[in-house]
Amino acid sequence: MGDLSERALAFWLLLPAALLLGFIALYPVLRLLYTSLFALQLTVSPDSSFLGFANYGQALHDARFWNAVKNTLLIVIVTVPGALVVGLLLAMLANLPFRVKWPVRLGLLLPWALPLVFVGLIFRWFFDSQYGVVNDVLVRLGGERLLWVTNPSLAFWAICFTLIWKTSSFVALILLAGLQTIPKELYEAAKVDGASRWQEFWRITLPLLTPAILVAMIFRTIAAFQTFDVPYAMTGGGPGNATETLAMYVRATSIENLNFGYGSALAVLMFLISLAVTLVYLRYVRGADD
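Numbers given to residues run from 1 along each chain, matching the order in which its sequence is written. In keeping with the model being predicted, local features are shown solely for residues with a pLDDT of at least 70 and side-chain atom pairs are shown and tallied solely at 80 or more, while totals for entire chains, interfaces and linings include all residues. Side-chain numbers come from the whole structure's heavy atoms, not from hydrogens or water.

Caption draft 1: Structural context of the overall build of the protein. In terms of regular secondary structure, the protein is built from twelve helices and two strands. Of the regular secondary structure in the protein, the N- to C-terminal order runs α-β-β-α-α-α-α-α-α-α-α-α-α-α. Whether a residue is buried, partly exposed or exposed follows from its accessible area with a 1.4 Å probe, protein chains only, as a fraction of its type maximum: under 20%, in between, or over 50%, in that order. Of all 290 residues assigned to the protein, the portion counted as buried reaches 35%. We call two residues contacting when some pair of their heavy atoms lies within 4.5 Å. Expressed as a percentage of contacts within the protein between residues at least 6 apart in sequence, the contacts between residues at least 24 apart total 66%. In the protein, 19 positive and 16 negative side-chain charges are present, and the distance between their average locations comes to 5 Å. Helix and strand assignments follow DSSP, with helices taken as H or I runs no shorter than four residues and strands as E runs no shorter than two, numbered in order from the N terminus. Under this rule, positive means Lys or Arg and negative means Asp or Glu; His and the chain ends count for nothing. One atom stands in for each charge, and that atom is NZ of Lys, CZ of Arg, CG of Asp or CD of Glu.

Caption draft 2: The arrangement of the environment of Gly52 in detail. Relative to the helices and strands, Gly52 resides in the loop between β2 (49-50) and α2 (54-60). In sequence terms Gly52 and Val85 are 33 residues apart; their C-alpha atoms lie 44 Å from each other. Excluding anything up to four places from it in sequence, Gly52 contacts Ser36 and Leu37.

Caption draft 3: Quick look at the side chain of Thr167. With respect to the helices and strands, Thr167 occurs in helix α7 (residues 152-179). Here a polar contact is taken to be a pair of N or O atoms separated by no more than 3.5 Å, where protein atoms must pair a possible hydrogen donor with a possible acceptor and residues adjacent in sequence count only if both atoms sit in side chains. Looking at Thr167, its side chain comes within polar contact range of the main-chain oxygen of Leu163, at 2.6 Å. Among residues more than four places away in sequence, those in contact with Thr167 are Ala83 and Arg220.

Caption draft 4: Inspection of the side chain of Thr35 at higher detail. Among the structural elements, Thr35 can be located in helix α1 (residues 2-35). Residue classification places Thr35 among the buried residues on the basis of a relative accessible area of 13%. At 2.9 Å, the side chain of Thr35 forms a polar contact with the backbone oxygen of Arg31. Among residues more than four places away in sequence, those in contact with Thr35 are Leu40, Phe260, Gly261 and Ser264.

Caption draft 5: Highlighting unusual backbone geometry. A cis amide bond links Gly238 with the next residue in sequence, Pro239, at an omega value of -5°. With respect to the helices and strands, Pro239 occurs in the loop between α10 (229-234) and α11 (246-256). Of note in the backbone geometry, Leu258 takes a positive phi value of approximately 55° without being a glycine. Within the secondary structure, Leu258 is located in the loop between α11 and α12 (260-289).

Caption draft 6: Structural context of the packing of aromatic side chains. A pair of Phe, Tyr and Trp rings is counted when the ring centres sit within 6.5 Å of each other, with Trp represented by its six-membered ring. The angle between the planes then sorts it: under 30 degrees is stacked, over 60 is edge-to-face, the rest tilted. All chains considered together, the criterion is met by 19 aromatic pairs. On the basis of an interplanar angle of 55° and a centroid distance of 5.3 Å, the ring pair of Phe123 and Trp165 is categorised as tilted. Of this pair, Phe123 sits in helix α5 (residues 116-126) while Trp165 sits in helix α7, and the two are 42 residues apart along the sequence. Residues Trp198 and Trp202 carry aromatic rings whose centres are separated by 5.7 Å and whose planes lie at 20° to one another, so their mutual orientation is stacked. You can see Trp198 and its partner Trp202 sitting in helix α9 (residues 197-225), four residues apart, about one turn around the helix. Note on accessibility: Trp198 and Trp202 belong to one class, exposed.

Caption draft 7: Molecular detail of a nonpolar patch on the surface. Think of a patch as exposed residues, more than 30% relative accessible area, with no salt bridge, where like charges cluster within 9 Å and nonpolar side chains (Val, Leu, Ile, Met, Phe, Trp, Tyr) cluster within 5 Å. Using the Shrake-Rupley algorithm and a 1.4 Å probe, accessible areas are obtained, with residue cover drawn only from the displayed protein chains. Criterion for a salt bridge: a side-chain nitrogen of Lys or Arg within 4 Å of a carboxyl oxygen of Asp or Glu. A cluster of nonpolar side chains, contributed by Trp102, Leu106, Leu109, Leu110 and Trp112, occupies part of the molecular surface with about 540 Å² of accessible area. Considering the arrangement of structural elements, one finds Leu110 in helix α4 (residues 102-113).

Caption draft 8: Geometry of the packing of α7 against α9. Helix axes are fitted to C-alpha atoms over the stretch in contact, other axes to C-alpha atoms as well, and angles between N-to-C directions run from 0 to 180 degrees. Running from N to C, α7 and α9 point in directions that differ by 145°, and their axes come no closer than 9 Å. Helix-helix and strand crossings are classified by hand; for α7 and α9 the assignment is right-handed. Between α7 and α9, the contacting residues are Thr167, Phe170, Val171, Ile174, Leu175, Gly178 and Leu179 on the first element and Thr205, Leu209, Ala212, Ile213, Ala216, Phe219 and Arg220 on the second. When grouped by side-chain class, the residues that make up the contact of α7 with α9 number ten nonpolar, three polar and one charged. Crossing handedness is defined as follows: a turn of the near helix away from the far one that is anticlockwise and smaller than a right angle gives a left-handed crossing, while the clockwise case is right-handed. Three categories are distinguished: nonpolar for Ala, Val, Leu, Ile, Met, Phe, Trp, Tyr, Cys and Pro, charged for Asp, Glu, Lys and Arg, and polar for the others, with Gly belonging to the last.

Caption draft 9: Summary view of the pattern of salt bridges. Scanning the model with the defined rule gives three salt bridges in all. Of the charged contacts in the structure, one is a salt bridge between Asp136 and Arg140, with a shortest N-O distance of 2.9 Å. Of this pair, Asp136 and Arg140 both sit in helix α6 (residues 133-140), four residues apart, roughly one helical turn. With a relative accessible area of 31%, Asp136 lands in the partly exposed category.

Remember that the coordinates give geometry; whether it matters functionally is a separate question.
Structure, rendered in structure tokens:
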């Protein structure tokens, strides 16, 4: 009887938080799904009409949608591993036995703390074809000025470089926390057995750091699928739509064209893609735990 009363007490204590979370998280998703089933474009008519899944069918035949999906996937493929590698190097550097550690930790926090739009504007100036720091260095080294922002291929790589710089510090903080949980006795035992630094990393550090790596990859992948601020500030999706991401296309459809029905369908598809990738990660995590 005591157990039942404790469970009832726990239920009533958690119910307000559950209702609040449901209102904050679940209601917008359900509202988005509902809106995606209607034709609702304020530039045409303030009234809506039920379309069913026609908006989703339109997306599947929309070349601009697939271009945005391609750009988003490329950003995920390039920036997530890039941020992971750079973040791992930064975390291992910050984990070294410095006498004064706070400057190193502060150096990790600063890029992560900067607003994304601010970072995009800074790197837009860095990659400016006339006055940018990057082209200035290239000229001093005997190279030529490059049109970083107006060339589609160069603009994409400039955006990826910026995103890796911005997000690697966040990854480093997660991995640093994981590194500090590894017992030092394991490294001492490995040294007694004559293991090299590479063997210590490959047989001790990397296996024990795998859970932290997976957590960092989940967070970074979800955020990479929602990439908007940096490419919007650096290129605005241009030249043309060469660097337009899925989040940017959702904004252009919903905010600029006021097509809330189709924009909601695009947002739902972006959510489903992110959810599918997250489920793959979680399934891999469960498999690793088993």
